Amino acid sequence: QMRAEGLTSQRYTKYRGVVRTAVLNPKGAPPAISEAWSDAKSATNEALANSVAEFLAFGPKAADFGKFLDGLRPSEGNGNPTVQNGFEALGWKEQAQADAAWKRWLQTGK
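Residues numbered from 1 in each chain as written. Predicted model: local features only at pLDDT ≥ 70, side-chain atom pairs only at ≥ 80, totals over all residues. Heavy atoms only, no water.

(A) Local environment of the overall build of the protein. A count of helical and extended segments in the protein gives six helices and zero strands. Scanning the protein from its N terminus toward the C terminus, one meets helices and strands in the order α-α-α-α-α-α. Against the 2.2 N^0.38 benchmark of 13 Å for 110 residues, the protein shows a C-alpha radius of gyration of 14 Å, consistent with a compact globule. Principal axes of the C-alpha set define a box for the protein whose edges measure 45 × 30 × 25 Å. (Helix = DSSP H or I, 4+ residues; strand = E, 2+ residues; numbered from the N terminus. Rg over C-alpha atoms; globule rule 2.2 N^0.38 Å.)

Here is the structure:
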């Protein structure tokens, strides 16, 4: 919904500022991508979750977003897929690779 308002809307700009500060200029250790789907409830974690979803849907591998979703689909060989299965479908064999790509996208937009 924020993207539909425009990338220069006040709401979108505020959200991006929260995420960029939390990830790129944290007060302590920077959050890992896995915090986006943690059970912890906070405005920052909600912003991180939105950012990861936006990264997957509109980031550098946006054309392959369907592959990510397919990776989350239960199958005979994997009855309980995880987010890592989606990342692997995009070519990120380790969560650290997805984390680095997400942070690079936050910094550069690429």
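(B) Expanded view of helix H6 (residues 95-108). With 14 residues, H6 should cover 20 Å at 1.5 Å per step; its first-to-last C-alpha distance of 20 Å lies within 8% of that length. Along H6, the residues classified as buried are Ala98, Asp99, Ala101, Trp102, Lys103, Trp105 and Leu106. Buried residues in H6 make contact with helix H2 (10-24), helix H3 (43-58) and helix H5 (83-89). Of the residues flanking the end of H6, it is Gly109, one or two places downstream, whose phi is positive at about 80°. (Expected span 1.5 Å × (residues − 1). Buried < 20%, exposed > 50% of the residue type's maximum accessible area, 1.4 Å probe, protein only. Contact = heavy atoms within 4.5 Å.)

(C) Seen up close, H3. Taking 1.5 Å of rise per residue, 16 residues should cover 22 Å, and H3 covers 22 Å from first to last C-alpha, within 8% of that figure. The set of residues buried in H3 consists of Asn45, Ala47, Leu48, Ser51, Val52, Glu54, Phe55 and Leu56. In this structure, the buried side of H3 is in contact with helix H1 (2-5), H2, helix H4 (65-71), H5 and H6.

(D) A look at the nonpolar core. Counting residues in hydrophobic clusters, the biggest one holds 21 residues, and the most contacted among them are Val19, Phe55, Leu56, Phe87, Trp92 and Trp102. Among the elements of the structure, H2, H3 and H6 are those that each provide at least two residues to this core. Once you skip the residues sitting within four places of it in the chain, Trp92 turns out to touch Phe55, Leu56, Lys61, Gln84, Phe87, Gln97, Ala98 and Ala101. (Core = buried A, V, L, I, M, F, W, Y, C linked by side-chain atoms within 4.5 Å.)

(E) Highlighting the packing of H2 against H6. Packing of H2 against H6 brings their axes to within 11 Å, and their N-to-C directions diverge by 125°. What the angle tells us is that H2 and H6 run oblique. The handedness of the crossing between H2 and H6 is left-handed. Here Arg16, Val19, Arg20, Val23 and Leu24 of H2 lie close against H6, whose contacting residues are Trp102, Lys103, Trp105, Leu106 and Gln107. The residue inventory of the contact of H2 with H6, partitioned by class, reads six nonpolar, one polar and three charged. (Axes fitted to C-alpha atoms, helices over the stretch in contact; angles between N-to-C directions. Parallel < 35°, antiparallel > 145°, perpendicular 65-115°, else oblique. Left-handed = near helix turned anticlockwise from the far one by under 90°. Nonpolar A, V, L, I, M, F, W, Y, C, P; charged D, E, K, R; others polar.)

(F) Up close: the pattern of salt bridges. Counting across every chain of the model gives six salt bridges. One salt bridge connects Arg11 with Glu5, and the closest N-O pair in it is separated by 3.2 Å. Here Glu5 falls in the partly exposed class, since its relative accessible area comes to 40%. Taking the shortest distance from any N to any O, the salt bridge between Asp70 and Arg73 comes out at 2.6 Å. Residues joined by salt bridges that share partners form a network here, namely Arg3, Arg16 and Glu54. (Salt bridge = Lys/Arg side-chain N within 4 Å of Asp/Glu carboxyl O.)

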